Amino acid sequence: MVNKKAQMKIQQMAFMLVAVTLFFILVGMVILVVYLSSLRETSNILENEKAMRLASKIANSPEFSCGEAFGAKVRCVDLDKVMVLKQNVELYRNFWGVDNIMIIKIYPNEFDGVDCTSENYPNCGQIRLSDSDISSEYSNYITLCRKETKDGEIYNKCELARILIDPREVDE
Amino acid sequence: MDKRGLEISFAWLFSLIVGAFILFLAIYGVVKLMGVQEGSIDAESAKQIEVILNSLETNFETSTKTILTMPAEARIYNKCDPYGDFGQQGIRVSQKSFGDWTRTNYEPTFYNRYLFSNEYEEGKTFYLFFKPFEFPFKVSDLIYLSSANVKYCFAGMNSQKLKDSERELKNLGQTNLLLNSEEECINRDDVFTVCFDNSNCDIEVDYNEDTSTGSVTKNYNENRDTVYFYGDALMYAAIFSEKNIYECQLQRLMKRTSKLAEIYQEKSALIARTGCTSTQAGYLNGLKNIEIKDSSELKSYISLVESIKSGGGGCELW
């Protein structure tokens, strides 16, 4: 009789302990999930911030920027340089940490949707560094300038454009 | 005589063993979680630096400052690799936790950033400032990282050009950059004195105002390391960084210079169709193959760079 009572108590305690352990494991898991999701959120915020700033930064990097070739202009991209860059794009594949860069002329744009190639340049409306499509919303407005000639006179032709980047590792 | 002694029932024994097991599991979980937490803070800090480094690309001749504050005492490691087409810049952040430095596997790398600092900078507050490097066209913004705990006292910036640099440093408003008289600088023990006309300082700068060239010697260093520079941007780089970091970043900068020279030469050919010709293009061959192993080799390119600068005629390429 005494033995049975003791066995019951042991069983009760064992069940209790297992329940308590399971409870704490569950609570721990919930905390871990909340913590990890906040970590992922922070990571995404920082990645997005990085991508937003990257578009401006790329426009100002020496491989793209006008420098002072077209006068002192802020956020100005030299289209002649970008055309040269397009021919050597393999070398710059990982350089800016983006998958692709695209520049679309906004105004005036008589050649809407026409990709720039060495054959049709400068009669084109957009330029993609890599041939792949761009699937991002990270963009910035820029001034797109190039050297042009009219009636034998050389002048700077500047147009309104948008630079789009396709950043890596951004989880939207 | 009572022979029973201490009697522990099975229930007690069982609960003690299981209790100890639960306690062990809980402690193990907490320790693991703390490790993850420390790692995530390190990674988050590294990411923040990555964002800062990505955010700035100066347009014209300007210097900009950014302050970085860490949640705890931290070390920012500067890793430079000169190999490959453009070399590589790495950053690792480690924070102090219970007297030990944490270690994280997250190390952001960049191909287009050039960070000048010691091998690691330690502190809670860090200053970053940026200055464009031109050779003769803009190659990149150089980034100077220093801990607020490490103070530099600049003395002897007397010439006109150096006065401009002094003003520039003053405008940055970094609390770790002091601009005092030479006497005041030398009498302070808690600072690195940077002198421009005295060889009795921690950091000695030999500056040629006419050519903007010179050398920086670290006298506090056993080897009395000397590095050579061209222009103010590289002068600051030499002052704020260790020799191996400086030499490595300089090699990377020259690699980018060579690639940019190629772009400008091809651009020159492209715009020639509009009748726009540039006299600068002819000089670029000399820069297309620029490769240096050591900053002492820099001086062999300076006359070429100066010729390109002064020989600008026709259409501007940059």
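In the block above lies the structure referred to throughout.
Residues numbered from 1 in each chain as written. Chains lettered and ligands numbered in written order. Predicted model: local features only at pLDDT ≥ 70, side-chain atom pairs only at ≥ 80, totals over all residues. Heavy atoms only, no water.

**Let's talk about the overall build of chain B**
Phase 1: Helix and strand counts for chain B come out as seven helices and 13 strands.
Phase 2: The dimensions of chain B, computed from C-alpha atoms along their principal axes, are 115 × 55 × 35 Å.
Phase 3: When the 318 residues of chain B are sorted by exposure, 51% land in the buried category.
Phase 4: Taking the contacts inside chain B whose residues are at least 6 apart along the sequence as the reference set, 64% of them involve residues at least 24 apart.
Phase 5: When the accessible surface of chain B is totalled, it reaches about 14,700 Å², and 51% of it is carbon and sulfur.
Phase 6: Distance between charge centres in chain B, computed from 33 positive and 44 negative side chains, equals 5 Å. (Helix = DSSP H or I, 4+ residues; strand = E, 2+ residues; numbered from the N terminus. Buried < 20%, exposed > 50% of the residue type's maximum accessible area, 1.4 Å probe, protein only. Contact = heavy atoms within 4.5 Å. Areas by Shrake-Rupley, 256 points an atom, 1.4 Å probe, with all protein chains shown as cover. Lys, Arg positive; Asp, Glu negative; His and termini not counted. Charge placed at Lys NZ, Arg CZ, Asp CG, Glu CD.)

**Quick notes on the packing of aromatic side chains**
Residue and element names in this part refer to chain B.
Phase 1: Within this structure, the stated rule accounts for 26 aromatic pairs over all chains.
Phase 2: Measuring from centroid to centroid gives 6.1 Å for Phe-24 and Tyr-28, while their planes differ by 25 degrees, and the two rings are stacked. Here Tyr-28 and Phe-24 lie together in helix α1 (residues 10–55), a separation of four residues that amounts to about one turn.
Phase 3: Residue Phe-24 is classed as exposed on the basis of its relative accessible area, which comes to 52%.
Phase 4: Classification of Tyr-28 by relative accessible area gives partly exposed; the value is 45%.
Phase 5: Relative to Tyr-236, the ring of Phe-129 lies with its centre 5.8 Å away and its plane at 70 degrees, an arrangement referred to as edge-to-face. On the criterion of sequence distance, the pair formed by Phe-129 in strand β6 (residues 120–134) and Tyr-236 in helix α4 (residues 231–240) is long-range, its members being 107 residues apart. No difference in accessibility class separates Phe-129 from Tyr-236, as the two residues are buried.
Phase 6: Taken together, the ring pairs connect Phe-116, Phe-129, Tyr-144, Tyr-152, Phe-154, Phe-192, Tyr-220, Tyr-236, Phe-240 and Tyr-246 into an aromatic cluster.
Phase 7: When the ring centre of Phe-86 is taken as origin, the NZ or CZ atom of Lys-259, which lies over that ring, is 5.6 Å away. (Phe/Tyr/Trp six-rings, centres within 6.5 Å; stacked < 30°, edge-to-face > 60°. Lys NZ or Arg CZ within 6 Å of the ring centre and 35° of its normal.)

**Let's talk about the layout of surface pockets**
Empty space among the atoms becomes apparent when a probe as large as a water molecule is rolled across them.
Phase 1: Empty space within the largest pocket amounts to approximately 470 Å³.
Phase 2: Of all the secondary-structure elements, those providing two or more residues to the lining of the largest pocket are α1 (2–60) of chain A together with α1 of chain B.
Phase 3: Looking at the lining of the largest pocket, the element that brings in the most residues is α1 of chain A, giving eight residues.
Phase 4: Here the lining of the largest pocket is built from residues that sort into 11 nonpolar, three polar and no charged. (1 Å grid on protein atoms, 1.4 Å probe; cavity = no way out; pocket = protein on both sides within 12 Å on 5 of 7 lines; lining within 4 Å. Points joined across faces, edges and corners; volume = space filled by probe spheres on them. Nonpolar A, V, L, I, M, F, W, Y, C, P; charged D, E, K, R; others polar.)

**Some words on empty space enclosed by the protein**
Phase 1: Summed over the entire model, instances satisfying the criterion amount to two cavities of 30 Å³ or more.
Phase 2: One number sums up the size of the largest cavity: a volume of about 100 Å³.
Phase 3: As for the largest cavity, its lining consists of Val-89, Tyr-92, Arg-93, Trp-96, Val-98, Asp-99, Asn-100, Ile-101, Leu-129 and Ser-130 of chain A.
Phase 4: Looking at the second largest cavity, its volume works out to about 30 Å³.
Phase 5: Around the second largest cavity, the lining residues are Asn-88, Leu-91 and Tyr-92 of chain A together with Lys-259, Glu-262 and Ile-263 of chain B.
Phase 6: Classifying every residue of the lining of the second largest cavity gives three nonpolar, one polar and two charged.

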